[in-house]
Protein chains: 2
Amino acid sequence: MADSSAPTRVMMAVNESSLKGYPHPSISCRTAFDWTLSKLVRSNPSGFHFLFLHVQVPDEDGFDDMDSIYASPADFHQMKQRDKIRGLHLLEYFVNQCHQLGIKCEAWIRHGDPKEVICSEVKRVQPDLLVVGSRGLGPFQRVFVGTVSEFCVKHAECPVITIKRKATEAPQDPIDD
Amino acid sequence: MADSSAPTRVMMAVNESSLKGYPHPSISCRTAFDWTLSKLVRSNPSGFHFLFLHVQVPDEDGFDDMDSIYASPADFHQMKQRDKIRGLHLLEYFVNQCHQLGIKCEAWIRHGDPKEVICSEVKRVQPDLLVVGSRGLGPFQRVFVGTVSEFCVKHAECPVITIKRKATEAPQDPIDD
């Protein structure tokens, strides 16, 4: 079983934590990434190629700014610039990790509804595997927030792995991530 | 990234094809197995340990025998023996493949409702990953047959990977497998 074939292309959907503070990866996407490294990549970094997709939700990103005053087009431009910088910081975290481990990777940002964008990017990029983190919400919580992972398992045109956040890592409000 | 850690324990739920003929693995579980070998195990057979679970459905197994006549307890015993032999043949296929590739594995049979048994075996055995094949049915077909994979993604207490059967490999009736 020589590993001469093309590396396994792993697409990961990554998002920011909803907890306050400086932008950092959500608990569930960090859990999914660490799990993929330790359980799938293991000692074979050249066998895998990571593709990090960050989907920014236009409305949601502005939500923190309820108190902001938009007085000119420049204010909106500034807001968009700030969102872009946050997204780049997020991707930088994952690209740095891969670089340190000798795993090839690419990362990019898209805008829209995460579940729709992830599935259309799968169609376009055709990865071997899509990894999605999940908050592991119960049925009651799920009704209100929907879950990206469930949608992707049904609709993404490639094998999908769902990795639930550990119960011990859930924040006070399980809808946070 | 030395691979000194314990191998990744991959549980696979395997089932027989519903197509007529000598017992052989279903299209979807064969697809899932081949995919796991080529995309995850790759050139690292010592990094993985396979756990093959075959769940036999008591009622369903007897369904082919509508025309049979059961005249004594021995007839039932014989039927059960035959089911057991079919299950062992199925597991033998996967164990042989692993043996040839130098991948450690274990295989066993359980009885009951596949989705419930798979999740309870995950709880008991605690694999790192559960691999389930899926027929990739559309929403209309799914209503009538339910899907084991959807249930496992929601309820199994470990990361779950769902691998859909290729469209080109679907038999005439997509509910067959």
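Residues numbered from 1 in each chain as written. Chains lettered and ligands numbered in written order. Predicted model: local features only at pLDDT ≥ 70, side-chain atom pairs only at ≥ 80, totals over all residues. Heavy atoms only, no water.

(A) Region of the structure containing the overall build of chain A. For chain A, the count of helices and strands is 6 helices and 5 strands. Along the chain direction, N to C, the helices and strands of chain A fall in the order β-α-β-α-α-β-α-β-α-α-β. Per-residue burial for chain A yields a buried fraction of 43% across its 177 residues. Put simply, of all contacts in chain A between residues at least 6 apart along the chain, 75% involve residues at least 24 apart. In the structure as shown, chain A presents an accessible area of about 9500 Å², 55% of it carried by carbon and sulfur atoms. (Helix = DSSP H or I, 4+ residues; strand = E, 2+ residues; numbered from the N terminus. Buried < 20%, exposed > 50% of the residue type's maximum accessible area, 1.4 Å probe, protein only. Contact = heavy atoms within 4.5 Å. Areas by Shrake-Rupley, 256 points an atom, 1.4 Å probe, with all protein chains shown as cover.)

(B) Seen up close, the relation of the copies chain A and chain B. Mapping chain A onto chain B calls for a rotation angle of 180 degrees and an axial translation of 0.0 Å; the resulting RMSD is 0.1 Å. What the superposition gives is, in effect, a two-fold axis relating one chain to the other. Closest approach to the rotation axis among the C-alpha atoms of chain A is made by Ile161(A), whose C-alpha sits 2.1 Å away. A shared interface surface links the copies, since 100% of the contact residues of chain A are contact residues in chain B too. (Least-squares fit on C-alpha atoms with pLDDT ≥ 70 in both.)

(C) Focus on the packing of helix 4 (residues 114-125) of chain B against helix 6 (residues 148-155) of chain B. Residue and element names in this part refer to chain B. Here helix 4 crosses helix 6 at 30 degrees, and the two axes come no closer than 9 Å. As summarised for this structure, helix 4 and helix 6 are arranged roughly parallel, according to the angle between their axes. The two elements helix 4 and helix 6 cross, and the hand of that crossing is right-handed. Residues Pro-114, Lys-115, Glu-116, Ile-118 and Cys-119 of helix 4 form the contact with helix 6, whose own contacting residues are Val-148, Phe-151, Cys-152 and His-155. A breakdown of the residues in the contact of helix 4 with helix 6 according to their chemical character gives 6 nonpolar, 1 polar and 2 charged. (Axes fitted to C-alpha atoms, helices over the stretch in contact; angles between N-to-C directions. Parallel < 35°, antiparallel > 145°, perpendicular 65-115°, else oblique. Left-handed = near helix turned anticlockwise from the far one by under 90°. Nonpolar A, V, L, I, M, F, W, Y, C, P; charged D, E, K, R; others polar.)

(D) Representation of the sheet that holds strand 3 (residues 104-111) of chain A. A sheet is described by the order of its strands in space; here 10 strands give the open sequence 3(A)-2(A)-1(A)-4(A)-5(A)-5(B)-4(B)-1(B)-2(B)-3(B), paired in mixed fashion. The sheet terminates laterally at strand 3 of chain A together with strand 3 (104-111) of chain B, the two strands that pair on one side only. Geometrically, the sheet is characterised by an average inter-axis angle of 20 degrees between neighbouring strands, direction not taken into account. By the bridge criterion, 3 bridges tie strand 1 (residues 8-14) of chain A to strand 4 (residues 129-134) of chain A in an arrangement that is parallel. When the bridges of strand 4 of chain A are listed, Val10(A) appears paired with Leu129(A). This element, helix 6 (residues 148-155) of chain A, spans strand 4 and strand 5 (160-164) of chain A together with strand 5 (160-164) of chain B of the sheet and lies at about 155 degrees to strand 4 of chain A. (Pairing = 2+ DSSP bridges.)

(E) Just the packing of aromatic side chains, in detail. Residues and elements named next belong to chain B. For the structure shown, the criterion picks out 12 aromatic pairs over all chains. Measuring from centroid to centroid gives 5.8 Å for Phe-33 and Phe-50, while their planes differ by 85 degrees, and the two rings are edge-to-face. Residue Phe-33 is found in helix 1 (residues 27-41), and its partner Phe-50 is found in strand 2 (residues 48-56); the two are separated by 17 residues along the sequence. A single burial state applies to Phe-33 and to Phe-50, both of which are buried. Centroid distance Phe-50 to Phe-52: 5.7 Å. Interplanar angle 20 degrees. Geometry classified as stacked. (Phe/Tyr/Trp six-rings, centres within 6.5 Å; stacked < 30°, edge-to-face > 60°.)

(F) View of helix 3 (residues 73-101) of chain B. Residues and elements named next belong to chain B. Here helix 3 is 29 residues long and its end C-alpha atoms lie 43 Å apart, about the 42 Å a rise of 1.5 Å per residue gives. Within the sequence span of helix 3, burial applies to Met-79, Asp-83, Gly-87, Leu-90, Leu-91, Phe-94 and Cys-98. Gly-102, located one to two residues past helix 3, shows a positive phi value of around 75 degrees. (Expected span 1.5 Å × (residues − 1).)

(G) Layout of the side chain of Ser149(B). Residues and elements named next belong to chain B. Tracing the chain through its elements places Ser-149 in helix 6. Using a relative accessible area of 8% as the deciding quantity, one classes Ser-149 as buried. When sequence neighbours within four positions are dropped, the list of residues in contact with Ser-149 reads Val-132, Gly-133, Ser-134 and Thr-162.

(H) Broad picture of the interface of chain A and chain B. Taken together, the 33 residues of chain A in the interface contact 33 residues of chain B. Taken over both partners, the interface formed by chain A and chain B buries close to 2800 Å², and the fraction arising from carbon and sulfur atoms is 54%. For Asp128(B), the salt bridge identified is with Lys39(A), shortest N-O distance 3.1 Å. Applying the counting criterion to the chain A and chain B interface returns 20 residue pairs in polar contact (both at pLDDT 80 or more). Listed by contribution, the elements that provide at least two residues to the side of chain A that touches chain B are helix 1 (27-41), helix 6 and strand 5 of chain A. Of the residues contributing to the side of chain A that touches chain B, the split by class is 17 nonpolar, 8 polar and 8 charged. (Buried area = accessible area lost by both parts, 1.4 Å probe. Salt bridge = Lys/Arg side-chain N within 4 Å of Asp/Glu carboxyl O. Polar contact = N/O pair within 3.5 Å; in protein donor to acceptor, adjacent residues only side chain to side chain.)

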